[in-house]
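Chain and residue survey
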Amino acid sequence: MRNELFTLASVMSLVGCGSSTSTDMPTAYAAFYNVKSISSDSTTVTINTADLPDHKSPFYGKASASYEAYNGTNPNFSTSINLMGMISDPTLAAQDITFRIPKNPTVDAAHAATTGGAIGIAINGVVIFNQYNGVGALLNTLEFNNLDQYNGHPTPAPSLQYHYHTEPLFLTKKFGSSALLGFLLDGFPLYGPVENGTRLLSASLDKYHGHEHATAEYPNGIYHYHVTDDAPWINGGSYYGKPGTVTR
Ligand SMILES: [Zn+2]
Ligand SMILES: [Zn+2]
């Protein structure tokens, strides 16, 4: 009986019955924590975050209880950020960022390009950026030398917005390398680098850095992005679906 009910629910979900007008939160969004608010209407999931990581970081600054000296593997790590020759030593700061994410994402032929700044949100409320640095070039050694032991760093003043461009190591350590890690602004989920025991590379994915099949959270299948160890790490430069909005 339980199986029959499950099958009926799956079929209803497949054909979209009942989902278009529901204000229920999609179940996958239960993964979010450490955010200020999360709500849903019939079309949009709205998430507000202070973007304060729930892990320690050298970028919290020495006066903070959340400060932790760098203890990662990069001998060239530095908290000094060099943006176009302007060198600063930022600490991260609380934000007030609101994401409005399509609740029932669909492919969008326009495939809008990602822009600088937030392109998604991790399940711990931390902002996700794309693979480009502040001057629009692919991240290089300069930026990698700023990524802390959890692969995050803040933007320079005045915004001081902490973000990930690559695998959020705190989350993959805590939840596993195959886990749901967040959502990009177009409403498609982002997963860890490992699938069925194999560590994916960008070559296994399409130009948007994803592919479609069933996942633990979406047993009927969904398009999804993966983090990989190789560039472009999270996103291929444009969205698979139509992006929602982010305001700060
Ligand atoms: Zn950055
Ligand atoms: Zn996959």
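It should be emphasised that the depicted structure is a prediction, and the values quoted were computed from it without experimental measurement.

Analysis parameters
- Along each chain, residues carry numbers from 1 onward, in the same order as the chain's sequence is written.
- Following the order in which they are written, the chains are lettered starting with A and the ligands numbered starting with 1.
- In keeping with the predicted nature of the model, local features appear solely for residues at pLDDT of at least 70, side-chain atom pairs appear and are counted solely at 80 or more, and the whole-chain, interface and lining totals rest on all residues.
- A pair of strands is treated as paired once DSSP finds two or more bridges between them.
- Per the convention used, a helix needs a DSSP run of H or I reaching at least four residues, while a strand needs a run of E reaching at least two, with both numbered from the N terminus.
- Axis lines are fitted to C-alpha atoms, over the contacting stretch for helices. Their N-to-C directions set the angle, which ranges from 0 to 180 degrees.
- A set of buried residues qualifies as a nonpolar core if it consists of Ala, Val, Leu, Ile, Met, Phe, Trp, Tyr and Cys joined through C-beta atoms within 7 Å.
- Residue burial here comes from a neighbour count, namely the number of other C-beta atoms, placed from the backbone, that lie within 10 Å of the residue's own C-beta, with 20 or more meaning buried, 12 or fewer meaning exposed, and in between meaning partly exposed.
- Contact criterion: two residues are in contact if their C-beta atoms, reconstructed from the backbone, are within 7 Å.

What to know about the sheet that holds strand E10 (residues 180-184)
- Strands sit in the order E8-E9-E7-E6-E10-E11-E15-E14 across an open sheet of eight strands; the sheet is mixed. A single partner strand is all that each edge strand has here, and the edge strands are strand E8 (152-154) and strand E14 (210-213). Across the sheet, the mean angle separating the axes of adjacent strands is 40 degrees when strand polarity is ignored.
- As paired elements, strand E11 (residues 189-191) and strand E15 (residues 222-226) share two bridges and run parallel to each other. Bridged to Tyr191 within E15 is His226.

Details of the nonpolar core
- In this structure, Ile121, Ala122, Val127, Ile128, Leu181, Leu184 and Leu190 are the most contacted members of the largest nonpolar core, which totals 41 residues.
- Every residue in contact with Val127, bar those within four places of it in the chain, is listed here: Asp51, Ile97, Ala118, Ile121, Gln161, Tyr162 and His163.

Some thoughts on the environment of Ala216
- Secondary-structure assignment places Ala216 in the loop between E14 and E15.
- For the pair formed by Ala216 and Gly120, sequence separation is 96 residues and the distance between their alpha carbons is 20 Å.

Here's the deal with the environment of Glu167
- Mapped onto the secondary structure, Glu167 falls in the loop between strand E9 (162-164) and helix H3 (169-175).
- A residue is classified by how many C-beta atoms lie within 10 Å of it, and Glu167, with 21 of them, is buried.
- Sequence-wise, Glu167 and Tyr191 are 24 residues apart; in three dimensions their C-alpha atoms are separated by 9.6 Å.

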